[in-house]
Amino acid sequence: MIASVRGEVLEIALDHVVVESGGIGYRVNATPTTLATLRRGNETRLVTAMIVREDSMTLYGFAEPEARDLFGLLQTVSGVGPRLAMATLAVLEPTALRAALAEGNTAALTRVPGIGKRGAERMIVELRDKVAAYGVGEESPALSAVPSPVGEQVVEALVGLGFPLKQAEQSADAVLKADPAADTSTALRAALSALGKSR
């Protein structure tokens, strides 16, 4: 089992990074949030989970152990495999995910592509007690909402493009504070521009 990889970042793609360690380039699947913290040519250390199948061995990388633990926990739910677990962590950061599970927030969970209402309810039933031990703060990212219809549409579009929910909400908030009269397309372009610069 490969528990972590440390080395030079050789390549960054939309859904994975290649890290050279000991002369070997490891392809590590990761969320947009994790990939956004990496720079080609820099050294990095990712905690990893290794999934072994009959026809493949795949590494999944995370910036912190908490995300890796949640990745494993999600897969204990019937019907949730590595891809859906990664999609969940791409949309909901660890704090937001724990909050959604602990508080039974199906609306937050169904924002993840591939998770319907029944799937969200199954996740909550099976994982609520397991994440409750972490504790949930009063201001949970899963429940912070952009109140305007334009803001909600911008957040939904950004999440659909692979940005984490928290980052999408913060970007939409910032854009609409700067230009409250912006329509959806204008606000989305401004949000994407700001997010592009932050990368």
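Quick note: structure is the one above.
Calculation notes
Residues numbered from 1 in each chain as written. Predicted model: local features only at pLDDT ≥ 70, side-chain atom pairs only at ≥ 80, totals over all residues. Heavy atoms only, no water. Pairing = 2+ DSSP bridges. Helix = DSSP H or I, 4+ residues; strand = E, 2+ residues; numbered from the N terminus. Axes fitted to C-alpha atoms, helices over the stretch in contact; angles between N-to-C directions. Contact = heavy atoms within 4.5 Å. Phe/Tyr/Trp six-rings, centres within 6.5 Å; stacked < 30°, edge-to-face > 60°. Buried < 20%, exposed > 50% of the residue type's maximum accessible area, 1.4 Å probe, protein only.

Asker: Tell me what's going on with the sheet that holds strand 3 (residues 24–29), and back it up with residues and numbers.
Answerer: If you trace the 5 strands once around the closed barrel, you get 1-2-3-5-4, paired in mixed fashion. Averaged over all neighbouring strand pairs, the angle between strand axes comes to 55°, with direction disregarded. Examined bridge by bridge, strand 2 (residues 16–21) and strand 3 share 6 bridges and lie antiparallel to one another. Its bridge partner being in strand 3, glutamate 20 is matched across the sheet by glycine 25. In the packing of helix 2 (residues 65–74) onto the sheet, contacts are made with strand 4 (43–52) and strand 5 (57–62), and the angle to strand 4 comes to roughly 15°. Running over the sheet, helix 3 (residues 82–91) touches strand 3, strand 4 and strand 5 and is turned about 15° from strand 5.

Asker: Let's hear about the packing of aromatic side chains: which residues, and what values?
Answerer: Note on aromatic pairs: each is described by the distance of the centres and the angle between the planes. All told, the structure shown has 2 aromatic pairs when counted by the stated rule. Centroid distance tyrosine 60 to phenylalanine 71: 5.0 Å. Interplanar angle 40°. Geometry classified as tilted. Of the two residues, tyrosine 60 is situated in strand 5 and phenylalanine 71 in helix 2; the sequence distance between them amounts to 11 residues. The exposure class of phenylalanine 71 is buried, given its relative accessible area of 1%. Aromatic pair phenylalanine 62 and phenylalanine 71: ring centres 5.1 Å apart, planes at 45°, arrangement tilted. By relative accessible area, phenylalanine 62 is classed as buried at 2%. What links up through ring pairs into an aromatic cluster is the set Tyr60, Phe62 and Phe71.

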